[in-house]
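Observations on chain architecture
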Amino acid sequence: MIRWLLTTLAVVAMPVQARDLRVMSFNVRYPNPDDGPNRWEARAPILIDTIRAADPDVVGTQELYRRQGDAIVRALSHWRWFGRDRRGAHADEHMGILYRTDRLRLVRHGDFWLSDTPDRVGSASWGTDLPRMVNWGEFVRKDGRRFVLFDTHFPHRDSDAIARTKAAGVLLARMRRIAGRLPVVVTGDLNAQPDSEAYRAFAATLADAWARAPQRSGPVLTFHDFTGTPDRRIDYVFVLGFRPVAARVATDHRGPRYPSDHFPMVVDLR
C-alpha cells in the first residue's frame, strides 16, 4: 500500500461512454543495457502499470523486443501480442501490436517493409541505416465492426527526411490495398514533426487524432529522453473512418523514473 501511495501515475480519466475504441501508441524504448537507472528491468513495472491504467483496447508499440512483449502480456490479463522483428525473426525491434482478447478478435495480420521492395523481408532503401517496417492487423469488435491497425517506426536520423516521406508513401499505398473500405488506425513514432513532408503526406489522407479531438490533455510534445520534459512531437495516432473524441499524452511516472523515453498517446475513437 505504501509503495502504491508513493507511486506517481499521472492518470487522467477519459469518459468510457464516449468511446468505441481506445488506442495507444507507445515507443517502449528497447532494452538497452547501457540505460543505467532507466534500463528495462527498472522500467518494466512502471510501463506495465501505465498500460493498465490507460486501459486501451489495442496498443501499437515501437522498439519492442520479444522479452518485453512477453513480459507485458504475462502481467496483463486478456492481452496478447504479435509481429516479427525488422529482420523477419524475433531477435530485434518489433512493431509489436498488443490487444485485449476479451474485447477484440484478430482476423488476419501481416507486415511489409518501408523500402522500394516492401515484400522483401528486412529490405531497406533511400540510404537508411536500418530496415524499417509496418506491422498490421485486422480486428473485429464484439459488435461485429472491423478495423485495421497499422503500426510503424520511421527512420530516425536528420538525414532521413526524404526516406521518411517515401516511407509515408509506401505505407499509404499499402494501407489502401490492405484495408479497402474498412476504418483505419495508424500508430507510430514517425521521427517527424508536424511541419515535415512526412507528416503532411499522412495529414492529406488521414486525420491526426490529437489535432481533431475536442478533448485533449497532457503535453503536445512526446519525446523527452527520460527527463519528463518533452521537446519534440514525433508520436502519432492517425485515423480514417473514425471520429476522435478524446486524446491525451500520458505522463505517468514514479518519482524520477519514467516507463520510456517517449510519452505514449492514448486516443478514444468513435
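Scroll up a little and you will see the structure.
In this report, the structure presented in the accompanying data block is examined.

Conventions we followed
Residues numbered from 1 in each chain as written. Predicted model: local features only at pLDDT ≥ 70, side-chain atom pairs only at ≥ 80, totals over all residues. Heavy atoms only, no water. Helix = DSSP H or I, 4+ residues; strand = E, 2+ residues; numbered from the N terminus. Rg over C-alpha atoms; globule rule 2.2 N^0.38 Å. Buried < 20%, exposed > 50% of the residue type's maximum accessible area, 1.4 Å probe, protein only. Contact = heavy atoms within 4.5 Å. Areas by Shrake-Rupley, 256 points an atom, 1.4 Å probe, with all protein chains shown as cover. Lys, Arg positive; Asp, Glu negative; His and termini not counted. Charge placed at Lys NZ, Arg CZ, Asp CG, Glu CD. Expected span 1.5 Å × (residues − 1). Salt bridge = Lys/Arg side-chain N within 4 Å of Asp/Glu carboxyl O.

Looking only at helices and strands, the protein features six helices and 13 strands. Expected size for 270 residues packed as a compact globule is a radius of gyration near 18 Å; at 17 Å, the protein falls within 12% of this value. Referenced to the eigenvectors of the C-alpha coordinate spread, the extents of the protein come out at roughly 55 × 45 × 35 Å. Of all 270 residues assigned to the protein, the portion counted as buried reaches 57%. A sequence separation of at least 24 residues applies to 74% of the contacts in the protein between residues at least 6 apart. Summing over all exposed atoms, the protein offers an accessible surface of approximately 11,600 Å²; the carbon and sulfur share of this is 50%. Charge separation in the protein, taken as the distance between the mean sites of 41 positive and 32 negative side-chain charges, equals 5 Å.

This part is about helix H4 (residues 161-179). With 19 residues, H4 extends 27 Å between its outermost C-alpha atoms, agreeing within 8% with the 27 Å of an ideal straight helix rising 1.5 Å per residue. Inspection of H4 places Ala-163, Arg-164, Ala-167, Ala-168, Val-170, Leu-171, Leu-172, Arg-174, Met-175, Ile-178 and Ala-179 among the buried residues, and these make up the whole buried set. Just downstream of H4 lies Gly-180, where phi reads positive at about 60°.

Attention now goes to unusual backbone geometry. Even without being glycine, Glu-63 reaches a positive phi, approximately 65°. By relative accessible area, Glu-63 is classed as buried at 12%. The backbone of His-78 shows a phi angle near 70°, a positive value even though the residue is not glycine. Relative to the assigned elements, His-78 resides in the loop between helix H3 (66-75) and strand S3 (79-82). Classification of His-78 as partly exposed rests on a relative accessible area of 45%.

A full pass over the atoms with the stated rule returns 22 salt bridges. Note that Arg-29 is salt-bridged to Asp-35, the shortest N-O span being 2.8 Å. For Asp-111, the salt bridge identified is with Arg-84, shortest N-O distance 2.7 Å. In this pair, Asp-111 is assigned in strand S5 (residues 104-113) and Arg-84 in the loop between S3 and strand S4 (97-100), connecting sequence segments 27 residues apart. Several salt bridges converge on common partners, so that one network encompasses Asp-55, Asp-57, Arg-100, Asp-102 and Arg-103.

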